[in-house]
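In case you want the letters, here they are:
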Amino acid sequence: MWDDAFPSFLIGLREGLEAGLIVSVLVATLVRAGAKSRLPQVWTGVLAAIALSLSFGAVLTFTAASLSTAAQEAFGGTLSIVAVAFVTAMVFWMRRSARSLAGEIKGKVTEALTMGAGVLVLTSFLAVGREGLETALFLWTTARAADASAGPLTGAGIGLVLAAVLCWGLYRRVLSINLTRFFTATGAVLIVIAAGVLGYGLRDLQEGGVLPGGTAYALDLSGSVDAGSWYSTLLQGVLNLTPTMTWLQVAGYVGYLAVVMTLFVRGVRGVAPAPTRTAHKTPPRTAEVTPPQPTPTHRRPAWLIPVTVVAVPVVLAGLVVALARPKPAGGETVAVSAHDCGQGFTAPKPGRQTFQMRNTGDQTSEVYLIDPATNAVYGEIEGLAPGTTRDLVATVAGGTYAWRCVPTDGKAVTSKAVRVGGAAGAGAVVPVSEQDLAGPLRAYKAYVNRGLATLVTETRKLSDDIRAGHLDTARADWLTAHRAYASLGAAYGTFEDFDRKINGRPDGLPGGVHDKDFTGFQRIECGLWHGQSAGELKGPAHQLADTAAGLRKAFPHQDFDASDLPLRAHEILENTLQFELTGDTDQGSGAGLATADANLAGTRELLTVLRPLLTIRAPHLLPTVDSDIARLQALLDAEHRDGRWTPVDRLGRTAKARIDGATGQLLEDLSPVPDLLEIRKSA
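Thresholds, definitions, all that
- Residues numbered from 1 in each chain as written.
- Predicted model: local features only at pLDDT ≥ 70, side-chain atom pairs only at ≥ 80, totals over all residues.
- Heavy atoms only, no water.
- Helix = DSSP H or I, 4+ residues; strand = E, 2+ residues; numbered from the N terminus.
- Expected span 1.5 Å × (residues − 1).
- Buried < 20%, exposed > 50% of the residue type's maximum accessible area, 1.4 Å probe, protein only.
- Contact = heavy atoms within 4.5 Å.
- Patch = residues over 30% accessible without salt bridge, like charges linked within 9 Å, V, L, I, M, F, W, Y side chains within 5 Å.
- Areas by Shrake-Rupley, 256 points an atom, 1.4 Å probe, with all protein chains shown as cover.
- Salt bridge = Lys/Arg side-chain N within 4 Å of Asp/Glu carboxyl O.
- Lys, Arg positive; Asp, Glu negative; His and termini not counted.
- Charge placed at Lys NZ, Arg CZ, Asp CG, Glu CD.
- Phe/Tyr/Trp six-rings, centres within 6.5 Å; stacked < 30°, edge-to-face > 60°.
- Core = buried A, V, L, I, M, F, W, Y, C linked by side-chain atoms within 4.5 Å.
- Pairing = 2+ DSSP bridges.
- Disulfide = S-S within 2.5 Å.

### What about helix α15 (residues 534–554)?
And then number 1: The terminal C-alpha atoms of α15 lie 30 Å apart, and with 21 residues this matches the ideal 30 Å at 1.5 Å per residue to within 8%.
And then number 2: Three or more residues of α15 are buried, namely Ala534, Leu537, Pro540, Ala541, Leu544, Ala545, Thr547, Ala548 and Leu551.
And then number 3: Buried residues in α15 make contact with α11 (434–467), α12 (471–486), α13 (497–503) and α14 (521–528).

Here's what the structure looks like:
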């Protein structure tokens, strides 16, 4: 958790120390001026600033939660960039102002003492409020990057507590800190962290559709870097450096770091060293200010102003959050159960609506908003437990709507339909049943059976080559056999232990490529391209041929879940982008693009059997996907010359970026397939 906590710890320490120094100077000046009676005004301003900062954080959190996924990405990316701007300005301001901070604040307090209570409250509020708002914004961006981790909040809390202790020590004059050096050192670290936040924000804007280039990757180390390792976690948590980054992210990160760090270092060199190491100096007694005597007035309750300044930002934040959240359609809760499905449902208004679905029955249920004439699904909730309420968000247009409730151990129940006027809208998904997928599954099984027959023939040929000592011929036959297996990608999850024996990787094995459990294509590839003899490879080659024959025999009896087909439409090329196009699985043959080509053939075959279902549900999807496949195929073909494939590590930078980008675009366009063809109980 520390990797997520450190950036927030640093910002909490810096901002807390800045705000704490200001407060300690305010308090010290009032005490030495004999105006202790004015201290409650300082603390009132501080409380108001804290309340405003917390309310600002709540507004950011709940406003973002009410947005669509794409809008959340755009919102978060924009605020990340704003946070970087604030932090950058804060770093430079504090570098310049650390030495003269106390004098400036004392001057403001001296002026405030000659005026009303409101001026002193405002002085402390503005001094602390700016730091609080910056902290809330930066903390929100880092917490969002850390997902569900408690690290950012923990780190910020520790930083603020430590800052309070340091400020108390400085006030009591038991500590001596060179503030110029402290803010310079932490400023340099924050610039590096802010560069990562900028990169993260740019990526959010790309995913939200605000900026282009979301699939143009400058680097993709996901296949060679363990995302769960301590060093990867540290880099991602502290610096927001991820194994996969787009060109825009890299340009933003490097450009910001180069420009801002250069200006910061130049500014540091041009600043003369502070004449003293202490944060506060005792003002001369001649500088003491005698506070004016208050004019007798009608006394307000002492608690009124503090309560007011805390309550006002909280109330305003609550109003903003309430207005930002989508309103439930009709302001009513819709019942979900076998007996009163849809009770409370009235005709909603067109537009994006949030329905409050409450399970009033005694069984966990699924609920769907459907068109009862076609069974098309506009929105759904799965696993709604008894007695619980969840929001279902759907876009309503002209048409007929009803609720379908499906208890875990009961029959589906459909509510009374309502009619919404206006133009018809898109977005509904015609549900898929197991029967709908039965035909495509049979067709794909037949394809796999044919492919396995080819695999058995080719692996036997490979084994015969090695047994006869014809290693040059074996290298060519190895690629043919491996491509035959790679084209069966959609069945990988069905092959069970056979897949590990046929195409297992050395990752995680104690002996690596020398481990006795390293078997299959990659084991033979490693030996063929690293000088092993036919005698050393004869055993692994014979084992591969036997395993392929065993798989062919077992496959007709294996459980091939129909719901796997839509998932594999996306997953085959996901693995291609992660492993083959990074060279991670290359054991010396340089056949990454050849394998990617076979994976693309397997994806094409899978889409062929799914095409009738997709044509009905997303007629505009397939032409786009077909265009993506043709583009990627052309790029791969361009690297296949004279019967040889260009190794991934020898691709030119432009060619590599184009292949990665084309694969990424195809993946993005294929991503709706699992949702479109999900088997729903409402069918």
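### Overview of a negative patch on the surface
And then number 1: A cluster of acidic side chains, namely Glu434, Glu496, Asp497, Asp559 and Asp561, defines a negative patch on the protein surface.
And then number 2: Structurally, the position occupied by Asp561 is in the loop between α15 and α16 (564–578).

### Considerations on the packing of aromatic side chains
And then number 1: Summed over the entire model, instances satisfying the criterion amount to 12 aromatic pairs.
And then number 2: Both rings, one in Phe345 and one in Trp403, keep their centres 5.5 Å apart while their planes meet at 75°; by these two values the pair is edge-to-face. Here Phe345 is found in the loop between β3 (328–336) and β4 (351–359), whereas its partner Trp403 is found in strand β8 (residues 399–407), with 58 residues between them in sequence. The burial state of Phe345 is the same as that of Trp403; both residues are buried.
And then number 3: Aromatic side chains Trp478 and Phe521 sit 6.3 Å apart centroid to centroid with 80° between the ring planes, which places their arrangement in the edge-to-face category.

### Remarks on the nonpolar core
And then number 1: Formed by 68 residues in total, the largest nonpolar core has its most connected members in Ile466 and Leu614.
And then number 2: Among all residues touching Leu614, those that are not within four sequence positions of it are Leu607, Pro619, Leu621, Leu622, Val673, Leu676 and Leu677.

### Some points on unusual backbone geometry
And then number 1: The phi angle at Asn375 is positive, at roughly 70°, despite the residue not being glycine.
And then number 2: Relative to the assigned elements, Asn375 resides in the loop between β5 (365–371) and β6 (376–384).
And then number 3: Even without being glycine, Asp642 reaches a positive phi, approximately 55°.

### Topic: the pairing of β6
And then number 1: Summarising the sheet, β5 and β6 pair through six bridges and their orientation is antiparallel. Within β6, the residue paired with Tyr368 across the bridge is Glu380.
And then number 2: If you look at the hairpin formed by β5 and β6, you'll find four residues sitting between the two strands, and Asn375 has a positive phi there, around 70°.

### Some remarks on the side chain of Asp628
And then number 1: Secondary-structure assignment places Asp628 in helix α18 (residues 621–637).
And then number 2: Buried within the structure, Asp628 lacks any salt-bridge partner; its nearest side chain of opposite charge belongs to Arg631, at an N-O separation of 5.6 Å.
And then number 3: Excluding anything up to four places from it in sequence, Asp628 contacts Gln665, Leu666 and Asp669.

### Here we look at the state of the cysteines
And then number 1: As enumerated under the stated definition, the model contains one disulfide in all.
And then number 2: Through a disulfide, Cys341 is tied to Cys405; the S-S separation comes to 2.0 Å. Its S-S torsion of about 80° marks the bond between Cys341 and Cys405 as right-handed, since a negative value means left-handed. Note that Cys341 is positioned in the loop between β3 and β4 and Cys405 in strand β8, a separation of 64 residues in sequence.
And then number 3: For Cys341, a relative accessible area of 10% translates into the label buried.

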